[in-house]
Amino acid sequence: MIAFGPVPSRRLGRSLGVNNIPDKICTYACVYCQIGRTLRMEIERRPFYEPELIFREVSEKVREARERGEPIDYVTFVPDGEPTLDINLGREIDLLKQLGIKLAALTNASLIWREDVREDLLKLDFVSLKVDAVSEALWRKIDRPHKSLNLEKILEGMLEFREEFRGKLVTETMLIDGVDYGNEFERIAEFLEELKPDKAYIAIPTRPPAEPWVRPAREEVINMAFQTFSEHLGEDRVEYLIGYEGNAFAFTGNVEEDLLSITSVHPMREDAVREFLRKANADWDVIEKLIGEGKLIELEYNGKKFYMRRLKSRERPSSH
């Protein structure tokens with residue numbers, strides 16, 4: 001299926017997906033990939049589908065959505081492989097612009113060192129780049145790139161792209177357990193400070209990964225990444241993407257639900273939580289109850305207490 005959705009997306013509102021790469025042809029074989037194992041590793045761009053076919057399929061989906069009164073915020077290239085492998089990507093973007101809807105792509109950035117790839121991506125309104133690691137050994141361990149790819153060239157390509165791109169740029173860093181990150185968060189944060197993304201997302205695998213041993217990073221590790229990135233980028237530009245879709249910032253008037261929805265996007269410092277409770281005319285019992293139920297977790301970083309939603313993937317099954 002080439003066009004699917006629209007589906008709710010934290011980054012993109014209501015997004016209509018475009019699957020312009022067959023399952024699963026990619027430049028990487030990421031250990032955490034939620035589509036499954038890479039069947040064919042490729043790094044040469046080539047045609048996959050006729051651009052006119054993609055345009056027809058997407059137009060049809062847009063028409064159906066509009067008839068049902070469903071809004072679409074973005075049409076997004078989010079395929080079963082790496083979207084920039086498609087040599088017709090630029091042509092497809094030009095055709096889709098006729099629909100008058102903003103266009104986005106989620107890319108692993110592995111081919112962004114190529115000028116033709118950057119030119120195609122420059123036509124979009126929103127681009128998400130993967131930055132799982134900036135050191136060679138970790139990049140090879142987590143992303144398992146095609147052997148002829150060069151990390152240094154990829155990072156330089158991202159910076160070059162940033163200089164020209166006028167749309168919204170975000171990054172995504174996937175964190176997994178069983179990896180010694182050492183000082184990698186500091187190194188990634190320094191790179192991001194240079195790249196200046198509008199948002200830096202910290203993600204964990206939320207669906208079954210390609211490799212069975214892969215588990216989401218522990219909450220402490222995620223919090224450490226968040227704090228390190230925030231020190232370099234400012235707290236308002238760093239967010240979690242940890243699998244709780246839904247309206248992350250809607251204040252519903254239900255204190256527990258509101259706290260859980262905020263702490264699934266970023267950790268709250270103790271003073272912020274107290275202030276929140278004060279406004280809601282609630283007391284600290286609420287926090288103790290959520291911790292007792294295993295829904296909230298208390299973490300410490302640099303001598304301060306933070307509260308974060310416990311990851312679903314790490315919840316212990318309740319003993320009923």
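What to know about the overall build of the protein chain
Secondary structure summary: the protein chain contains ten helices and 13 strands in total. In terms of C-alpha radius of gyration, the protein chain reaches 20 Å, essentially the compact-globule figure of 20 Å for 320 residues. With respect to the three principal axes, the spread of C-alpha positions in the protein chain is 60 × 50 × 40 Å. Here the protein chain, with 320 residues, has 55% of them falling under the buried criterion. Taking all contacts inside the protein chain whose residues are at least 6 apart in sequence as the whole, residues at least 24 apart take part in 72%. In the protein chain, 48 positive and 59 negative side-chain charges are present, and the distance between their average locations comes to 2 Å.

Quick notes on the confidence of the model for the protein chain
Averaged over all residues, the pLDDT of the protein chain is 90; the fraction at 70 or higher stands at 93%. pLDDT under 50 marks residues 245-250. Its contacts with residues more than four places away, or in other chains, come to 13 contacts. Here residues 316-320 scores under 50 on pLDDT; set against residues more than four positions off or in separate chains, the count is one contact.

Quick look at unusual backbone geometry
For residues besides glycine, phi is generally negative; the peptide bonds are generally trans as well. Cis peptide bonds are those with omega within 30 degrees of zero, and the linkage from Gly-5 to Pro-6 qualifies with 5°. Positioned with a positive phi, Arg-144 is a non-glycine residue whose angle comes to about 40°. If you trace the backbone, Arg-144 turns up in the loop between α4 (136-143) and α5 (151-164). The phi angle at Asn-281 is positive, at roughly 50°, despite the residue not being glycine. Within the element layout of this structure, Asn-281 appears in the loop between α9 (270-279) and α10 (285-292). Judged by relative accessible area, Asn-281 falls into the exposed class, the value being 75%.

Notes on the nonpolar core
If you look at the biggest cluster of nonpolar residues, it comprises 92 residues, and the most contacted ones within it are Val-58 and Met-158. With 14 residues, the next largest nonpolar core counts Val-255, Leu-259, Ile-287 and Leu-290 among its residues.

Considering the pairing of strand β10 (residues 238-241)
Burial of β10 is two-sided: the residues Val-238 and Tyr-240 facing one way and the residues Glu-239 and Leu-241 facing the other way are all buried. Strand direction decides the pairing type here: strand β9 (residues 199-203) and β10, joined by four bridges, are parallel. Looking at the pairing, Ala-203 lines up with Leu-241 of β10. Assessed by its sense of winding, the connection that carries the chain from β9 through helix α7 (residues 219-233) to β10 is right-handed.

Some words on the sheet that holds strand β7 (residues 126-130)
Read across the open sheet, the eight strands follow the order β1-β2-β5-β6-β7-β8-β9-β10; overall the sheet is mixed. The open sheet has two free edges, formed respectively by β1 (3-9) and β10, since each of these has just one partner strand. The mean inter-strand angle of the sheet, taken between neighbouring strand axes irrespective of direction, is 25°. Along the sheet, helix α1 (residues 51-67) makes contact with β1, β2 (13-18) and β5 (74-77), crossing β1 at roughly 55°.

What to know about the environment of Ala-272
Relative to the helices and strands, Ala-272 is located in helix α9. Counting along the chain gives 34 residues from Ala-272 to Phe-306, while the straight-line C-alpha distance between them is 9.3 Å.

Brief notes about α7
The terminal C-alpha atoms of α7, which comprises 15 residues, lie 21 Å apart, in line with the 21 Å expected from a rise of 1.5 Å per residue. Gly-234 sits one or two positions beyond α7 and adopts a positive phi of about 95°.

A word on the state of the cysteines
Inspection of the entire model under this criterion finds zero disulfides. Unpaired in terms of disulfides, Cys-26 finds its nearest cysteine sulfur in Cys-30, a separation of 6.5 Å. A relative accessible area of 8% means that Cys-26 is categorised as buried. Cys-33 takes part in no disulfide bond, and the closest cysteine sulfur, belonging to Cys-30, lies 6.4 Å away.

Quick word on the packing of helix α8 (residues 255-263) against α9
Two elements in contact, α8 and α9, have axes whose closest approach is 11 Å; the angle formed by their N-to-C orientations is 150°. The orientation of α8 with respect to α9, classified from their angle, is roughly antiparallel. Considering the relative orientation of α8 and α9, their crossing is right-handed. Of α9, the residues touching α8 (which contributes Val-255, Asp-258, Leu-259 and Ile-262) are Val-273, Phe-276 and Leu-277. Broken down by class, the residue content of the contact of α8 with α9 amounts to six nonpolar, no polar and one charged.

The rules behind the values
- Numbering of residues starts from 1 in every chain and runs along the sequence as written.
- Given that the model is predicted, a residue must reach a pLDDT of at least 70 before its local features are reported, and side-chain atom pairs must reach 80 or more before they are shown or counted; all residues, however, enter totals for whole chains, interfaces and linings.
- Where side-chain values are given, they derive from all heavy atoms of the structure, hydrogens and water being excluded.
- Here a strand is any run of E in DSSP of at least two residues, a helix any run of H or I of at least four, and the numbering for each starts at the N terminus.
- Within these notes, the globule rule equals 2.2 Å times the number of residues to the 0.38 power, and the radius of gyration is based on C-alpha atoms.
- In this scheme, a residue with accessible area under 20% of its type's maximum is buried, one over 50% is exposed, and one in between is partly exposed, where area comes from a 1.4 Å probe on protein chains only.
- It only takes one pair of heavy atoms within 4.5 Å for two residues to be counted as in contact.
- Residues scored as positive are Lys and Arg, those scored as negative are Asp and Glu, and His as well as the terminal groups of each chain are ignored.
- Each charge is placed at NZ for Lys, CZ for Arg, CG for Asp and CD for Glu.
- On a scale of 0 to 100, pLDDT captures the predictor's confidence in every residue.
- What we call a nonpolar core is a set of buried Ala, Val, Leu, Ile, Met, Phe, Trp, Tyr and Cys residues that are connected through their side-chain atoms within 4.5 Å.
- At least two bridges found by DSSP between two strands is the condition for calling them paired.
- Consider the strands pointing away from the viewer: the crossover is right-handed when the path from the first strand over the helix to the second runs clockwise.
- In this analysis an axis means a line fitted to C-alpha atoms, helices contributing only their contacting stretch, and an angle means the value between N-to-C directions, from 0 to 180 degrees.
- Each residue after the first adds 1.5 Å to the expected span of a helix.
- Disulfides are defined as cysteine sulfur pairs within 2.5 Å.
- Roughly parallel here means an angle under 35 degrees, roughly antiparallel means over 145, roughly perpendicular means 65 to 115, and every remaining angle is called oblique.
- By definition, any crossing whose near helix is turned counterclockwise from its far helix by less than a right angle is left-handed, and any crossing with a clockwise turn is right-handed.
- In the scheme used here, Gly and all other residues not listed as nonpolar or charged are polar, with Ala, Val, Leu, Ile, Met, Phe, Trp, Tyr, Cys and Pro taken as nonpolar and Asp, Glu, Lys and Arg as charged.

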